[in-house]
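If you want the building blocks of each chain, they are given just below.
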Amino acid sequence: MNLIELNAIKTYLAQQLADLDGIKANCTSCNKYNGQCSQYQATPPEDWVHGSIDCEHWDWDQIPF
């Protein structure tokens, strides 16, 4: 590997990390949420719907809409 390759890899990885950091891990981005959590058959707390969550069942399909 030379310096040009190293810098290209660093740039690529930095962009990938920025994309991953942009993913909002909350109920609205979860595949199991449609106004109600299909995993638990219940309405999640408001802070989970719009804030950060720590749900082991959160699932995202990489489609941005």
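One can find the structure itself at the top, above this paragraph.
What comes next concerns the included structure. Counting restarts for each chain: residues are numbered from 1 in the order of the written sequence. In keeping with the predicted nature of the model, local features appear solely for residues at pLDDT of at least 70, side-chain atom pairs appear and are counted solely at 80 or more, and the whole-chain, interface and lining totals rest on all residues. By convention in this description, side-chain values take in all heavy atoms of the structure and omit both hydrogens and water.

1. Quick word on the overall build of the protein chain
Summing up its helical and strand segments, the protein chain has 2 helices and 0 strands in all. Over its C-alpha atoms the protein chain spans a radius of gyration of 17 Å, topping by over 25% the 11 Å that the globule rule assigns to 65 residues. Taken along its principal axes, the extent of the C-alpha atoms in the protein chain is 55 × 20 × 20 Å. Remark: exposure states derive from per-residue accessible area (1.4 Å probe, protein chains only) relative to the maximum for the residue type, with buried under 20%, exposed over 50%, and partly exposed in between. By residue count, 12% of the 65 residues in the protein chain fall in the buried class. Considering only contacts within the protein chain whose residues lie at least 6 apart along the sequence, 51% involve residues at least 24 apart. Throughout, the Shrake-Rupley method with a 1.4 Å probe supplies accessible areas, and for residues the shown protein chains are the sole cover considered. Carbon and sulfur atoms make up 55% of the accessible area of the protein chain, which totals about 5400 Å². Strands here mean DSSP runs of E at least two residues long; helices mean DSSP runs of H or I at least four residues long; both are numbered from the N terminus. For this measure, only C-alpha atoms enter the radius of gyration; the expected value for a globule follows 2.2 Å times N^0.38, where N is the number of residues. We call two residues in contact when some of their heavy atoms are within 4.5 Å.

2. A look at the side chain of Asn26
Along the chain, Asn26 falls in the loop between helix H1 (3–21) and helix H2 (46–50). We call two N or O atoms a polar contact when they sit within 3.5 Å, provided that within protein one can donate a hydrogen and the other can accept it, with sequence-adjacent residues counted only if both atoms are side-chain atoms. Separated by 2.6 Å, the side chains of Asn26 and Thr28 make a polar contact. A polar contact is formed between the side chain of Asn26 and the backbone oxygen of His50, at a distance of 3.5 Å. In contact with Asn26, not counting residues within four places along its chain, are Trp48, Val49, His50, Gly51, Ile53 and Trp58.

3. Here we look at the side chain of Ser29
Here Ser29 shows up in the loop between H1 and H2. Within the structure, the side chain of Ser29 is placed 3.1 Å from the backbone oxygen of Asn26, a separation counted as a polar contact.

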